[in-house]
Amino acid sequence: MPQEIGFGTTAGVQAPPPGAFRRFLQGDIFHAFKRSPLTITASLIFLTIVVAALFAPWVAPHNPFDLRTLNLLDAFTPPSWSDRGNPTYLLGTDDQGRDVISAIIFGSRMSLVIGLAATVLAMILGVTLGLLSGYVGGKLDAFIMRVADVQLSFPAILIALLIDGLARASLPKEMHDTLAVYVLILAIAAAGWVNYARTVRGSTLVERNKEYVQAARVIGRHPLAIMFAHVLPNVLGPVLVIATLQIGAAIITESSLSFLGVGVPPTQPSLGTLIRIGNDFLFSGEWWITVFPGAALVILVLSINVLGDWLRDALNPRLR
Amino acid sequence: MIAFVLQRLLQGIAVMLVVGFIAFSLFNFVGDPVSLMLPPEATQADREAMRQSLGLDKPFYKQFATFVENAVQGNFGISLRLGRPVSTLLVERLPATLELAMTAALIALAAGIPIGVYTALRRDSWFARFLLTTSLVGVSLPNFLIGIFLILIFAVWLGVLPSFGRGDTVALGAWTTGFLTTTGLKALILPAVTLSFFPLTLIMRLVRAEMLEVLRTDYIKFARARGLSDRAVHFRHALKNTLVPVITIAGLQLGGIIAFAIITEQVFQWPGMGLLFIQAVQFADIPVMAAYLCLIGLIFVVINLVVDMLYYLVDPRLRAERAAGGGH
């Protein structure tokens, strides 16, 4: 499975001894993985969604954005198993005759891309600020931590909304539409860096007094080099766990913003946008336009959260 | 005690100044307020006159001082979208949001504490496991989806509850309330349940964890050794001690509930401040955004202050520490 290869390659970056992958298969983490049916199910579901999203143009039965293939006469077709259903459209179609399951596949691609990109950006931002805060200390530390305190007392969604509103007010309309996805990634990342910064700062405070850091300082290495080449690898463990748990939260924030109508433009819908579109037809009885994207979102986030919980427990030596 | 309150008060004022500064920057640097307010055919002389009347020709710190002065008096200018004073708009919308948030908080406490106690006491029963798993699913469910599913079931399929708006309201002076009419109460049910879902799972998990912790302590073992009934041990001794952190978290959650009301208000078209704010974001209506930001900031600061003081009153250890540290 690609996921195992993923772990194998991270091990390979640090030290490439032959058989790193085999050692992983015999290691504690994989052992814990094998013993949890819930985790195995969650990872299978997650992999299926990721593969479907990656190869969306080939996997999806229709292309929901190719206007030539859309037929308005097919609009509002219910799922294939109901009376008026059409076997071509497994989960039915929306108001413009778009195939719901294809829209979900493309939508989860958008949600995954934004969720992952925002998480990575928040991680880079948070880790850098946390390292600086912990290693340099003094006024810089006090300043960064005060900002973190203030930000932590406001919910992430509010901060993301504010940044999005700011971008909307300062950019011209057309420019904002083309940049919407990037603005969204930036807004979610800016709302999520605090967790990483606090964790990294805490572990950096411990690491900076250790001998290897002092040795590096004595031989005159640049502080930035010490931070990123020596301290960083030793504080990265907990960061990866936070990141896994944050992906789910980032996807929820993205879908909430898109649902509120301030996220991605309807031309490149994410799962949240699809739910928003379908919400308009809830009362006329076309429930499938909302319910299936909603279910897809829940399944995606749930499988990521189960994996994150498992990773946290598996990496926590106290629970072994 | 007075020193502690003063210190927290100063901290709160500092946070409010930061929030106010962000709001002020929104006002003055995002887009040009002059061109936003004047019609496009205005002449250069009109612009200069407008700049002077807005005080934009003055130095930066004086502008900020004026902004703070106006903000303290509740003057945030005129909504660009609706053309009415922002403060009036917010005051009109405030009761709807507060009633929704309070009801949601009450539901979360009234259901979260008993469920938490139950799952802690009957740890191995299948029902407790079921509740715990449900709460995990609940954390993975975005707030708006819960609302949509509730609308689908109770408004569309069963047709028993309304799905949007506030129903009929009664005006009590400046405050409009939906508590006094049947339609108002019915309209409140779905949004309040939706909004209470997340804090409910949080309180339930917190009560469960605290309860399990307390049940392991020596004084509980001693209470059992004294031959007290299970009921007395669980509710008189254990529960009382779990409630201190619960009060803190519940208090802090109230701010979160008010902020998350934005999403719930959008789903149910509930005419509160959140709906006003989200429309302001969509239309880049800066004065409304700035005012909402300040108001939410104020609510958060006040809640934090009250919770800190409650904590201080409830936990004697904090007081003892202060007295010892204070010296004279």
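Another aspect to go through is the overall build of chain B. When its secondary structure is counted, chain B shows 13 helices and 2 strands. Within chain B, the proportion of its 328 residues that are buried is 35%. Considering only contacts within chain B whose residues lie at least 6 apart along the sequence, 70% involve residues at least 24 apart.

Okay, the overall build of chain A next. Of the regular secondary structure elements, chain A holds 13 helices and 0 strands. Counting from the amino terminus, chain A carries its helices and strands in the arrangement α-α-α-α-α-α-α-α-α-α-α-α-α. A buried classification covers 42% of the 320 residues belonging to chain A. Long-range pairs, those at least 24 residues apart, make up 68% of the contacts in chain A with a sequence separation of at least 6.

Turning our eyes to something else, we now look at the environment of Gly251(B). Residue and element names in this part refer to chain B. Among the structural elements, Gly251 can be located in helix H10 (residues 230-268). Gly251 sits 146 residues away from Ala105 along the chain, and the two C-alpha atoms are 9.2 Å apart. Gly251 has contacts with Ile303, Val306, Val307 and Leu310, leaving out every residue within four places of it along the chain.

The angle between the axes and the distance between the axes are what describe a pair of packed helices. Residue and element names in this part refer to chain A. Two elements in contact, helix H6 (residues 100-136) and helix H9 (residues 173-207), have axes separated by 5 Å at closest approach and are oriented at 35°. As for the relative orientation of H6 and H9, their crossing is right-handed in sense. Considering only residue class, the contact of H6 with H9 consists of 22 nonpolar, 8 polar and 2 charged.

With that settled, consider the interface of chain A and chain B. On the chain B side, the residues contacting the 33 residues of chain A number 31 residues. Sorting the residues of the side of chain A that touches chain B by element identifies helix H8 (156-170), helix H11 (223-259), helix H12 (271-279) and helix H13 (288-315) of chain A as the ones contributing at least two each. By residue number, the principal contributor to the side of chain A that touches chain B is H8(A), which donates 9 residues. Residues that form the side of chain A that touches chain B fall into these classes: 20 nonpolar, 11 polar and 2 charged.

Next up on the list: the confidence of the model for chain A. Predicted coordinates in areas of low pLDDT are best not read in detail. Residues and elements named next belong to chain A. Of the residues in chain A, 87% have a pLDDT of 70 or more, and the chain-wide mean is 80. The lowest-confidence element of chain A is helix H1 (residues 2-14), averaging 43 in pLDDT; the highest-confidence one is H6, averaging 91. Contacts for the low-pLDDT stretch residues 1-13, under 50 throughout, to residues beyond four places or in other chains number 12 contacts.

Ranked by internal contacts, the top residues of the largest apolar core, which has 153 residues, are Phe277(B), Met289(B) and Tyr292(B). Of all the elements, H6(A) adds the most residues to this core, at 17 residues. Those residues in contact with Tyr292(B), other than ones at most four positions away along the chain, are Met273(B), Phe277(B) and Ala280(B).

Positive phi, close to 45°, is recorded for Gln269(B), a residue that is not glycine. By the secondary structure assignment, Gln269(B) is in the loop between H10 and helix H11 (273-282).

Thresholds applied
- Residues numbered from 1 in each chain as written.
- Chains lettered and ligands numbered in written order.
- Predicted model: local features only at pLDDT ≥ 70, side-chain atom pairs only at ≥ 80, totals over all residues.
- Helix = DSSP H or I, 4+ residues; strand = E, 2+ residues; numbered from the N terminus.
- Buried ≥ 20, exposed ≤ 12 C-beta atoms within 10 Å, placed from the backbone.
- Contact = placed C-beta atoms within 7 Å.
- Axes fitted to C-alpha atoms, helices over the stretch in contact; angles between N-to-C directions.
- Left-handed = near helix turned anticlockwise from the far one by under 90°.
- Nonpolar A, V, L, I, M, F, W, Y, C, P; charged D, E, K, R; others polar.
- pLDDT = per-residue confidence, 0-100.
- Core = buried A, V, L, I, M, F, W, Y, C linked by C-beta atoms within 7 Å.

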